[in-house]
Amino acid sequence: MPLTAPTGAVVWSNYNTVGDPSSGVKQLKKSEARAWAAWLESFVTAIGTSGGGVYLTRAQLFADLQHAENDSAWVLQDDTVDFNGIYRKVGASGTGSWTRVADLPYSVIIAEDAGTGTANAIQATSSQPISATSQVWLTVSTTNTGSPVTVSFNGGSPLTIKTNSGSNPVAGGIVGGSILIGKQEGTTFRLASDQASAAIQAAMETIFGDFQSQYLGSYATAPTADPNGNPLQEGAFYFNSGSKAFFSWTGTAFEALPLNTVVDGGISDAKLSADLRDRITIDGATLPAIHSSRAVGQPVFMANGLADGFGGAAGIDAADSSGYVLDTANGRVMNSGNPVQQVSLWDIGPLPSSAGGWTGYTVRQRLEAARINKSGTKFRIRFKGGPSGATFSAVYAGHAGSGASFSGNQIPVTFGGGSTTLTLSANEVEWSDWMTYAVTSGSPFLVAGQCTTGGTLGRVSGVTSSDFTFYRKAASAEAATTVASGYTASPNDLLWLEAIDIEQPSTLQNIILVTAPFEFTDFAPTQLKVSGIIEALDALTLNTDVTVEVSRNGGTNWTSATMTQLKALGPKTYFETNIVSVTGQPAGDDIAVRYKTLNQKRCYLHGLRSEVVD
């Protein structure tokens, strides 16, 4: 039956023009209401005369079989939308069943936000029941503030609003006063189109703005504001294009990621200063030795190293250390003192001319105290023969008494590894063996020899000096005589020997190096371990020529550790000790290491590091 009156949506519309708030609030017109009611009454009467009926639910219809075959009936408000529709009776009255044969004749349904719901849970009303085959035009009154959004029509179950692509509308995507066009699909109300692009753009701009306030971008120097000119927010970060690292804003400064800011007191030395960052050297490079307290949950805790790879004295307990010298330029500790040295007491140089005729003579060369200006434990003598050479059957040397006499401690001098005879060919130079003898600085020295053949000796023209004197006597067996008598002093240009060298003993000291105590404030260690790098100049054996000990009470008690070579680094050795139990020492938390060299073995220490293993 055609509709000749205004629809119920028009009669009871909120606004003068349906869906347009700007048209003003509509007042109910009784004439329209009477026209709509008259149409409805005639419609129901028509259905009734045809033997049909109107039912709110399908269950109510199915319960009424008192209709003749082919009678029609409508189901209008079943909660299951697909149950609503036009039905035909099958079978005689009182028996048979109802069959759905058509949709309700509503192609477009007008619905309005009743205003009784919320922005995100809309309550809507319509003059016709909602069906899956009808297009619904829904006017909303309020912009949504969240997502998802639901709509309930005529008090029915809530349907989730979805965009045409199946997504939930974003907050602000459903604008108050707008009309949504869609249809019911199961438990959802799917819109005919996606939400407005302006709303999407606004949402994206909001998201992008939030993103820019956190990630600032790439900069060569630290930024002072975000890309939009706003103050930096705590946690904002940027990428430094120079150092190739990320930095995070703490609220007062940028810090490199991923390190967290350490609060004061969070470690034993609150916020370590740069001069406490210990370093050791490995083949020209440096390796930081961490100077910190216990790290909770870790089995190995690094303790003190010696500061700056021995670039300074920091970390060394100078009061308990001895025998060492800091070589700061090379970042190492070395033995103090000198090794064995061979020095010249007197060297007149080559003897260019000679004097002959000394066969059968005992000759003696005396060097005065000014010439013996160093002490030593060994000496050797260099002789020079003349044009015809010379042979001496015995040569003696020692400190001088008066004149040509010895002081009484002269010794025989040997040659070529033990021979007591000195044979000089023509113009030949020959050194004696190294002779063990205590040479005392400032005490005159005398050399005596018995010439048996040849008899030409060297001389230097024009040389006169009160520092040396040549004596001779026609006697062939007096080289060993202590008190010399009957000797004649010759001119000071006549010389028998060219040079005397002495060997000074080593003054090398053994190193005792003790690290300054390092306190672990949060626990008392029970096991310690040490590693480091040494460079040997003399052949040495770990644990024999060099040792390591550990202490947990600041150096009052010590426990030996066993050293093992872990890796050879060129001339250097990277060593590590065993894990040493210090439970036998009195309780304490001041860690110290004692490093020693023994047997006057020379070596460099490039770094030490102690570890607590608990």
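Residues numbered from 1 in each chain as written. Predicted model: local features only at pLDDT ≥ 70, side-chain atom pairs only at ≥ 80, totals over all residues. Heavy atoms only, no water.

> Even after reading the chapter, I still don't get the side chain of Asp545, so can you show me in this structure?
By the secondary structure assignment, Asp545 is in the loop between strand E39 (527-536) and strand E40 (546-551). Side chain to side chain, Asp545 and Asn599 meet in a polar contact 2.7 Å long. In terms of polar contacts, Asp545 uses its side chain to reach the side chain of Lys601, at 3.2 Å. Aside from chain neighbours lying at most four places away, what touches Asp545 is Ala539, Leu540, Lys596, Thr597, Leu598, Asn599 and Lys601. (Helix = DSSP H or I, 4+ residues; strand = E, 2+ residues; numbered from the N terminus. Polar contact = N/O pair within 3.5 Å; in protein donor to acceptor, adjacent residues only side chain to side chain. Contact = heavy atoms within 4.5 Å.)

> Sorry, what's going on with the sheet that holds strand E4 (residues 72-75) here?
In a beta sheet, neighbouring strands pair by backbone hydrogen bonds and run either parallel or antiparallel. Across the sheet, 4 strands lie side by side as E3-E4-E5-E6; this open sheet has mixed pairing. For this open sheet the edge positions go to strand E3 (53-55) and strand E6 (97-102), each flanked by a neighbour on one side alone. Taking the axes of each pair of neighbouring strands and ignoring which way they run, one obtains an average angle of 35 degrees across the sheet. For E4 and strand E5 (residues 85-90), the ladder comprises 4 bridges, and the chain directions are antiparallel. (Pairing = 2+ DSSP bridges. Axes fitted to C-alpha atoms, helices over the stretch in contact; angles between N-to-C directions.)

> Whenever I open this one, the sheet that holds strand E15 (residues 237-240) confuses me. Can you help?
Pairing in this open sheet of 4 strands is mixed, and the strands run E14-E15-E16-E17 from one edge to the other. Whereas interior strands pair on both sides, the edge strands pair on one side only; in this sheet they are strand E14 (215-219) and strand E17 (254-256). In this sheet, adjacent strand axes meet at a mean angle of 25 degrees when their direction is disregarded. Pairing geometry for E15 and strand E16 (residues 245-249), over 4 bridges, is antiparallel.

> Explain the pattern of salt bridges to me, please; I cannot follow it from the model alone.
Scanning the entire structure with this criterion turns up 14 salt bridges. For Glu185, the salt bridge goes to Arg190, with nearest N and O atoms at 2.9 Å. Accessibility expressed as a relative area gives 36% for Glu185, which makes it partly exposed. Residue classification places Arg190 among the partly exposed residues on the basis of a relative accessible area of 25%. With a shortest N-O distance of 2.9 Å, Asp347 and Arg382 are connected by a salt bridge. Of this pair, Asp347 sits in strand E23 (residues 341-347) while Arg382 is found in strand E26 (residues 376-384), placing the two residues 35 residues apart along the sequence. (Salt bridge = Lys/Arg side-chain N within 4 Å of Asp/Glu carboxyl O. Buried < 20%, exposed > 50% of the residue type's maximum accessible area, 1.4 Å probe, protein only.)

> Would you take a moment to explain the environment of Glu549 for this structure?
Tracing the backbone through its elements, the reader meets Glu549 in strand E40. Excluding residues within four positions of it along the chain, Glu549 makes contact with Trp558, Thr559, Ser560, Ala561, Ala592, Val593, Arg594 and Lys596. Of the polar contacts made by the side chain of Glu549, one reaches the side chain of Arg594; its length is 2.8 Å.

> Just to check I follow, could you spell out the packing of aromatic side chains for this structure?
For any pair of aromatic rings, the description rests on two quantities: the centre-to-centre distance and the angle between the ring planes. Here the structure, examined in full by the defined rule, presents 15 aromatic pairs. Judged by centre distance (4.9 Å) and plane angle (80 degrees), the rings of Tyr238 and Phe254 are edge-to-face. Of this pair, Tyr238 sits in strand E15 while Phe254 sits in strand E17, placing them 16 residues apart in sequence. Summarising the burial analysis for this pair, Tyr238 and Phe254 share the class buried. Judged by centre distance (5.7 Å) and plane angle (80 degrees), the ring pair of Phe379 and Tyr437 falls under edge-to-face. A residue pair is termed long-range when its members are at least 10 positions apart, and Phe379 in strand E26 and Tyr437 in strand E31 (residues 435-439) qualify at 58 residues. Residue classification places Tyr437 among the buried positions, given a relative accessible area of 6%. Clustering of aromatic rings is evident, with ring pairs tying together Tyr219, Tyr238, Phe247, Trp249 and Phe254. The ring of Phe83 carries the charged tip of Arg58 above its face, separated from the ring centre by 3.5 Å. (Phe/Tyr/Trp six-rings, centres within 6.5 Å; stacked < 30°, edge-to-face > 60°. Lys NZ or Arg CZ within 6 Å of the ring centre and 35° of its normal.)

> Quick question: what am I supposed to make of the pairing of strand E22 (residues 332-335) here?
Every regular strand shows the same layout, with side chains that alternate between the two sheet faces. Sheet topology note: the strand E21 (residues 324-327)/E22 ladder contains 4 bridges and is antiparallel. Looking at the pairing, Leu326 lines up with Val333 of E22. Connecting E21 to the antiparallel partner E22 that follows it, the hairpin turn spans 4 residues, and Gly331 within it adopts a positive phi of roughly 60 degrees.

> What's the story with the nonpolar core in this structure? I'm lost.
Side chains of nonpolar character tend, in soluble globular proteins, to be buried together. The biggest cluster of nonpolar side chains holds 36 residues, and the ones touching the most others in it are Phe379, Phe383, Phe392, Val395, Val447 and Trp496. In terms of residue count, strand E27 (residues 390-399) provides more of this core than any other element does, 4 residues in total. Val395 has contacts with Phe383, Ile411, Pro412, Val413, Phe415, Thr420, Leu422, Val447, Ala448, Gly449 and Trp496, leaving out every residue within four places of it along the chain. Counting 27 residues, the second largest nonpolar core, distinct from the first, contains Ile316, Leu528, Phe575 and Val580. (Core = buried A, V, L, I, M, F, W, Y, C linked by side-chain atoms within 4.5 Å.)

> Is there a simple way to think about the environment of Val151 in this case?
Here Val151 lies in strand E10 (residues 150-153). Take Val151: its relative accessible area is 0%, and that puts it in the buried class. For the pair Val151 and Thr118, spaced 33 residues apart in sequence, the C-alpha to C-alpha distance is 9.7 Å.

> Explain unusual backbone geometry here, please?
Most peptide bonds take the trans configuration, and most residues that are not glycine carry a negative phi. Following Ser147, the chain continues to Pro148 via a peptide bond in cis, the omega torsion being 5 degrees. Relative to the helices and strands, Pro148 resides in the loop between strand E9 (135-139) and E10. The phi angle at Asn70 is positive, at roughly 75 degrees, despite the residue not being glycine. Along the chain, the position of Asn70 falls in the loop between helix H3 (58-62) and E4. Its identity is not glycine, yet Gln600 carries a phi of approximately 50 degrees, on the positive side. Within the secondary structure, Gln600 sits in the loop between strand E45 (590-597) and strand E46 (603-613).

> Which parts of the structure should I look at to understand the pairing of E9?
Both strand E7 (residues 108-113) and E9 contribute to a ladder of 5 bridges, which runs parallel. In the sheet register, Ile109 faces E9, and the bridge partner there is Val136. Both E9 and strand E12 (residues 179-185) contribute to a ladder of 4 bridges, which runs antiparallel. Within E12, the position partnered with Thr139 by the bridge is Ile179.

> I keep staring at the side chain of Asn553 and nothing clicks. Help me out?
On the secondary structure map, Asn553 appears in the loop between E40 and strand E41 (559-561). Judged by its relative accessible area of 17%, Asn553 falls in the buried class. Separated by 2.7 Å, the side chains of Asn553 and Asn557 make a polar contact. Setting aside residues up to four positions removed in sequence, Asn553 forms contacts with Gln585, Pro586 and Asp590.

> Please explain the environment of Ala448 as it appears in this structure.
If you trace the backbone, Ala448 turns up in strand E32 (residues 445-453). Taking the C-alpha atoms as reference, Ala448 lies 8.7 Å from Arg366; in sequence the two are 82 residues apart. Residues contacting Ala448, with those up to four places away along its chain left out, are Val363, Arg364, Ala394, Val395, Tyr396, Phe406, Ala479 and Trp496.

> Where do I start with a nonpolar patch on the surface in this structure?
A cluster of nonpolar side chains, namely Val108, Trp137 and Ile179, defines an oily patch on the protein surface of about 250 Å² accessible area. Here Val108 is to be found in strand E7. (Patch = residues over 30% accessible without salt bridge, like charges linked within 9 Å, V, L, I, M, F, W, Y side chains within 5 Å. Areas by Shrake-Rupley, 256 points an atom, 1.4 Å probe, with all protein chains shown as cover.)

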